[in-house]
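Below are the chains, spelled out letter by letter.
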Amino acid sequence: MRNLVMILTLMFATTIFAQEVKPTFEKQGNQIKGTFFYEDGTVRQSGFYNKEGKLHGEWKSYDATGKKIAMGQYYNGVKTGKWFFWSADKLSEVNYTDNQIAEVTTWSNKDNVVVNYDN
């Protein structure tokens, strides 16, 4: 399970560089909101940068149909707190401490019951 989370995390982090459509950036208060797109113009990722240009605040990632597949927080370029990754019938909660995975919990929706798989 940890390998799956690592793969999802890497995909989330590297999709910024795989853009064909130019991203947009807009100033919102003391931050810059960045939005990245798929080739068809659908939003791929959105989130914020601080004034030093580091990822900061909430970031969300979407699949090509617009369904949210990842959400988490950055603090001055460092992943922090709880991140969530959705795939098919599973939800993975990944807790980060000092930009490192501290804990992973995965739930699966089977027969309308949520099951917690400890890792």
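In this text, all values refer to a predicted model and were calculated from it rather than measured experimentally. (Residues numbered from 1 in each chain as written. Predicted model: local features only at pLDDT ≥ 70, side-chain atom pairs only at ≥ 80, totals over all residues. Heavy atoms only, no water.)

Digging into the overall build of the protein
Secondary structure summary: the protein contains one helix and nine strands in total. Along the protein, from the amino end to the carboxyl end, the secondary structure elements read α-β-β-β-β-β-β-β-β-β. When burial is assessed residue by residue, the protein has 35% of its 119 residues classed as buried. A fraction of 16% describes how many contacts in the protein between residues 6 or more apart in sequence connect residues 24 or more apart. (Helix = DSSP H or I, 4+ residues; strand = E, 2+ residues; numbered from the N terminus. Buried < 20%, exposed > 50% of the residue type's maximum accessible area, 1.4 Å probe, protein only. Contact = heavy atoms within 4.5 Å.)

A closer look at the confidence of the model for the protein
Put simply, the protein has an average pLDDT of 82, and 75% of its residues get 70 or more. For the stretch residues 4–8, pLDDT sits under 50, and the model shows six contacts to residues farther than four places along the chain or on other chains. Low confidence marks residues 111–119, where pLDDT is under 50. Its contacts with residues over four positions away, or in another chain, come to 17 contacts. (pLDDT = per-residue confidence, 0-100.)

So, the pattern of salt bridges
Evaluation of the coordinates by the stated rule reveals two salt bridges. Of the charged contacts in the structure, one is a salt bridge between lysine 60 and glutamate 58, with a shortest N-O distance of 3.6 Å. Residue classification places lysine 60 among the partly exposed positions, given a relative accessible area of 22%. Between lysine 82 and glutamate 93 there is a salt bridge, with its nearest N and O atoms 2.8 Å apart. (Salt bridge = Lys/Arg side-chain N within 4 Å of Asp/Glu carboxyl O.)

Quick word on the packing of aromatic side chains
By the definition in use, this model includes nine aromatic pairs. Cluster of aromatic residues (ring-pair linked, three or more members): Phe25, Phe36, Tyr49, Trp59, Tyr74, Trp83, Phe85 and Tyr96. Above the plane of the ring of tryptophan 83 lies lysine 79, whose end atom (NZ or CZ) is 5.1 Å from the centre. (Phe/Tyr/Trp six-rings, centres within 6.5 Å; stacked < 30°, edge-to-face > 60°. Lys NZ or Arg CZ within 6 Å of the ring centre and 35° of its normal.)

Examining the nonpolar core
Considering soluble globular proteins, one finds that nonpolar side chains tend to be buried as a cluster. Phe36, Tyr49, Leu55, Trp59, Ala70, Tyr74, Trp83, Phe85, Val94, Tyr96, Ile101 and Val104 form the largest nonpolar core, which has 12 residues in total. Not counting the four nearest positions on each side in its chain, leucine 55 is found in contact with Phe48, Tyr49, Tyr74, Tyr75, Asn76 and Gly77. (Core = buried A, V, L, I, M, F, W, Y, C linked by side-chain atoms within 4.5 Å.)

Let's talk about the environment of aspartate 98
Position of aspartate 98 relative to the elements: it lies in the loop between strand S7 (90–97) and strand S8 (100–110). Aspartate 98 sits in the exposed class, given a relative accessible area of 68%.

A look at unusual backbone geometry
Phi is positive for asparagine 76, which is not a glycine, with a value near 50°. Tracing the backbone shows asparagine 76 in the loop between strand S5 (68–75) and strand S6 (78–87). Backbone geometry places asparagine 99, a non-glycine residue, at a positive phi of 65°. Secondary-structure assignment places asparagine 99 in the loop between S7 and S8.

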